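# Observations on the model geometry
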Amino acid sequence: MIAVGGAPHDARGGHYVQPTLVTGAHAGMRIAQEEVFGPFLTVIPFRDEADAIEIANTVQYGLTGYVWTSDMGRALRVATRWRPA
């Protein structure tokens, strides 16, 4: 599912898109493996911490990544096992 996206209503030339959220993706999808520049986020669901780390470690490219949790122990555990390309 894609939420929002598309060209801004007030765009006057150029190549612009509104902030876009793609949900329900999986790690094998092109949208999850390649860089998309702009205000764009792909969300990949996961079963548990180990699954999240496995998914994160399959991504070939990445300019940045985040561990977003209120559990500092989990954040450190995931960050230690995550090997971004």
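Attention in this report is confined to the structure presented alongside it. (Residues numbered from 1 in each chain as written. Predicted model: local features only at pLDDT ≥ 70, side-chain atom pairs only at ≥ 80, totals over all residues. Heavy atoms only, no water.)

All right, on to the overall build of the protein then. On a plain count of helices and strands, the protein comes out with three helices and three strands. When the helices and strands of the protein are read in sequence order from the N terminus, they spell out β-β-α-β-α-α. Pairs at least 24 residues apart make up 29% of the contacts formed inside the protein by residues separated by at least 6 positions. Accessible surface, the protein: about 6,700 Å² in total, of which carbon and sulfur atoms supply 59%. (Helix = DSSP H or I, 4+ residues; strand = E, 2+ residues; numbered from the N terminus. Contact = heavy atoms within 4.5 Å. Areas by Shrake-Rupley, 256 points an atom, 1.4 Å probe, with all protein chains shown as cover.)

Time to look at helix H2 (residues 49-56). Taken together, the buried positions of H2 are Glu49, Asp51, Ile53 and Ile55. Packing partners of the buried residues in H2 comprise helix H3 (72-81). Taking the backbone nitrogen of Ala50 as reference, a side-chain oxygen 3.3 Å away marks Asp48 as the first, capping residue of H2. (Buried < 20%, exposed > 50% of the residue type's maximum accessible area, 1.4 Å probe, protein only. Polar contact = N/O pair within 3.5 Å; in protein donor to acceptor, adjacent residues only side chain to side chain.)

As a further point, take the environment of Ile44. Positionally, Ile44 belongs in the loop between strand E3 (40-42) and H2. Between the C-alpha atoms of Ile44 and Ala27, which are 17 residues apart in sequence, the distance is 7.0 Å.

This brings us to a nonpolar patch on the surface. Nonpolar side chains collect at one region of the surface, where Leu21, Leu41 and Val43 lie side by side and expose about 220 Å² of accessible area between them. Residue position: Leu41 is located in strand E3. We classify Leu41 as partly exposed; its relative accessible area is 48%. (Patch = residues over 30% accessible without salt bridge, like charges linked within 9 Å, V, L, I, M, F, W, Y side chains within 5 Å. Salt bridge = Lys/Arg side-chain N within 4 Å of Asp/Glu carboxyl O.)

The next subject is the pattern of salt bridges. On inspection of all chains with the given rule, the structure shows four salt bridges. The salt bridge involving Glu49 is made with Arg74; its shortest N-O contact spans 2.8 Å. Here the residue Glu49 occupies a position in helix H2, and Arg74 occupies one in helix H3, the gap between them amounting to 25 residues. Glu49 serves as the salt-bridge partner of Arg77, at 2.7 Å between the closest nitrogen and oxygen. With Arg77 in helix H3 and Glu49 in helix H2, this residue pair connects regions lying 28 residues apart in the sequence. Taking relative accessible area as the criterion, Arg77 reaches 39% and is therefore assigned partly exposed. Look at Glu49 and you get buried, because its relative accessible area is 17%. Among the charged side chains, a network of salt bridges with common partners joins Glu49, Arg74 and Arg77.

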